[in-house]
Amino acid sequence: MGMTAVSPLQAVTQAIAHLADPEIPVVSLGELGILRGVREGADGVPEVVITPTYSGCPAMGQIEDDIVAALRDAGLPGRVVTQLSPAWTTDWMSEAAREKLRAYGIAPPQCGSTTGTNTGVLQFSRHAAKAVDVPCPQCGSHNTTATSPFGSTACKALYKCLDCQEPFDYFKPY
């Protein structure tokens, strides 16, 4: 039996598969949905397509550097393309990412984007949004409360468990 040749796009995909989010090192870029795919550019050079979790995410520079370094280390050509549309949504997170977030101490998003496809119109209201039931990633209790709309990064909120008294980040749904 002969070995099946790996295409250039498959080689690039394999070379970057292990790369983790710099802010959440237990989750890969693919699991988070930041890595949108690998495609052939118009000039034949592989392109790694990434989408930030939110506009202005400070980790994107590090993510791009990590991808470029992984390609260089593997001796592969390629470039990084940042794609802003469609905008990233927590719907793109894999179930494995959600479980890894929970095990790491970050409550995963309890619901997806408001439309499921993230192409709808975002509406703002003067009325507070309905509270989300966020279970504690430490003890599993649902007796939790939001303490700040901003956590360790802009994509997370700070919560506290009223049973075990532990603070924790909650990855906000987008």
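Counting restarts for each chain: residues are numbered from 1 in the order of the written sequence. Residue-level local features of this predicted model are given only where pLDDT is at least 70; pairs of side-chain atoms are given and counted only at 80 or more, and the full residue set underlies all totals for whole chains, interfaces and linings. Calculation of side-chain values draws on the structure's entire complement of heavy atoms; hydrogens and water are dropped beforehand.

Draft legend 1. Geometry of the environment of Lys172. Secondary structure elements are taken from DSSP: a helix is a run of H or I of four residues or more, a strand is a run of E of two residues or more, and numbering for both begins at the N terminus. Checked against the element boundaries, Lys172 lands in the segment after β7 (167-171). Whether two residues touch is decided by their heavy atoms; if any such pair falls within 4.5 Å, the residues are in contact. Ignoring anything within four residues of it in the chain, the contact list for Lys172 reads Thr90, Pro109, Pro149, Phe150, Ala154, Cys155, Lys156 and Ala157.

Draft legend 2. Quick look at the sheet that holds strand β4 (residues 106-107). Ordered in space as β4-β7-β6-β5, the four strands form an open sheet in which the pairing is mixed. Two strands in the sheet have a free side with no partner beyond their single neighbour: β4 and β5 (144-148). Strands qualify as paired when DSSP identifies two bridges or more between them. Pairing analysis gives four bridges linking β5 to strand β6 (residues 156-161), with the strands arranged antiparallel. What sits directly across from Thr145, in β6, is Lys160.

Draft legend 3. Expanded view of helix α1 (residues 8-16). Exposure is judged per residue with a 1.4 Å probe applied to protein chains only, and the accessible area is read against the type maximum: over 50% gives exposed, under 20% gives buried, and values in between give partly exposed. Taken as a whole, α1 has its buried residues at Ala11, Val12, Ala15 and Ile16. Axial view of α1: buried residues confined to an arc of 120°, hence all on one face. As for α1, its buried residues are in contact with β1 (35-40), β2 (46-50) and α3 (60-73). It is the directions from the helix axis to the C-beta atoms whose arc is reported.

Draft legend 4. Layout of the sheet that holds β2. With mixed pairing, the three strands of this open sheet are ordered in space as β1-β2-β3. Each edge of the sheet is formed by a strand with only one pairing partner; in this case those strands are β1 and β3 (79-82). Ignoring which end each strand starts from, the neighbouring axes of this sheet average 25° apart. Relative to β2, β1 runs antiparallel, the two being bridged by five bridges. When the bridges of β2 are listed, Arg39 appears paired with Glu47. The angle between two axes is taken between their N-to-C directions and runs from 0 to 180 degrees, where each axis is a line fitted to C-alpha atoms and a helix contributes only its stretch in contact. Against the sheet, α1 touches β1 and β2, its axis set at about 150° to β1.

Draft legend 5. Structural detail: the pairing of β3. Two elements, β2 and β3, share four bridges in a ladder whose sense is parallel. Bridging from a neighbouring strand, Ile50 pairs with Thr82 of β3. By definition, the crossover connecting two strands over a helix is right-handed if that path, from the first strand to the second, turns clockwise as seen with the strands pointing away from the viewer. The handedness of the β2 to β3 crossover, carried by α3, is right-handed.

Draft legend 6. Main features of empty space enclosed by the protein. Any residue with an atom within 4 Å of a point lines the site, the site being either a cavity, points on a 1 Å grid over the protein atoms alone where a 1.4 Å probe fits but cannot get out, or a pocket, an open set with protein on both sides within 12 Å along at least 5 of 7 lines. Grid points are joined across faces, edges and corners, and a volume is the space filled by probe spheres set on the points. Applying the stated criterion to the full structure yields one cavity of 30 Å³ or more. Estimated volume of the largest cavity: approximately 60 Å³. Lining the largest cavity, in full, are Asp21, Glu23, Ile24, Leu32, Ile34, Thr53, Cys57, Ala59, Ile63, Cys155 and Phe171. Throughout this entry, Asp, Glu, Lys and Arg are counted as charged residues, while Ala, Val, Leu, Ile, Met, Phe, Trp, Tyr, Cys and Pro are counted as nonpolar. The remaining residues, Gly among them, count as polar. The residue inventory of the lining of the largest cavity, partitioned by class, reads eight nonpolar, one polar and two charged.

Draft legend 7. Local environment of the packing of α1 against α3. For the pair α1 and α3, the least separation of the axes is 9 Å and the interaxial angle reads 120°. As summarised for this structure, α1 and α3 are arranged oblique, according to the angle between their axes. Pair α1 / α3 crosses with right-handed handedness. Where α1 approaches α3, its residues Val12, Ala15 and Ile16 are matched on the opposing element by Ile67, Ala70 and Leu71. For the contact of α1 with α3, the class distribution of residues is six nonpolar, no polar and no charged. For classification purposes, an angle smaller than 35 degrees is called roughly parallel, one larger than 145 roughly antiparallel, one from 65 to 115 roughly perpendicular, and anything else oblique. Left-handed describes a crossing whose near helix is turned anticlockwise from the far helix through less than a right angle; right-handed describes the clockwise counterpart.

Draft legend 8. Broad picture of helix α4 (residues 95-104). Looking only at α4, the buried set comprises Ala97, Arg98 and Leu101. Projection of α4 onto a plane perpendicular to its axis shows the buried side chains occupying an angular sector of 100°, all on one side. Away from its buried face by more than 90 degrees, α4 exposes Glu95 and Ala103. Close packing links the buried residues of α4 with α2 (29-32), β4 and β7. Of the residues flanking the end of α4, it is Gly105, one or two places downstream, whose phi is positive at about 100°.

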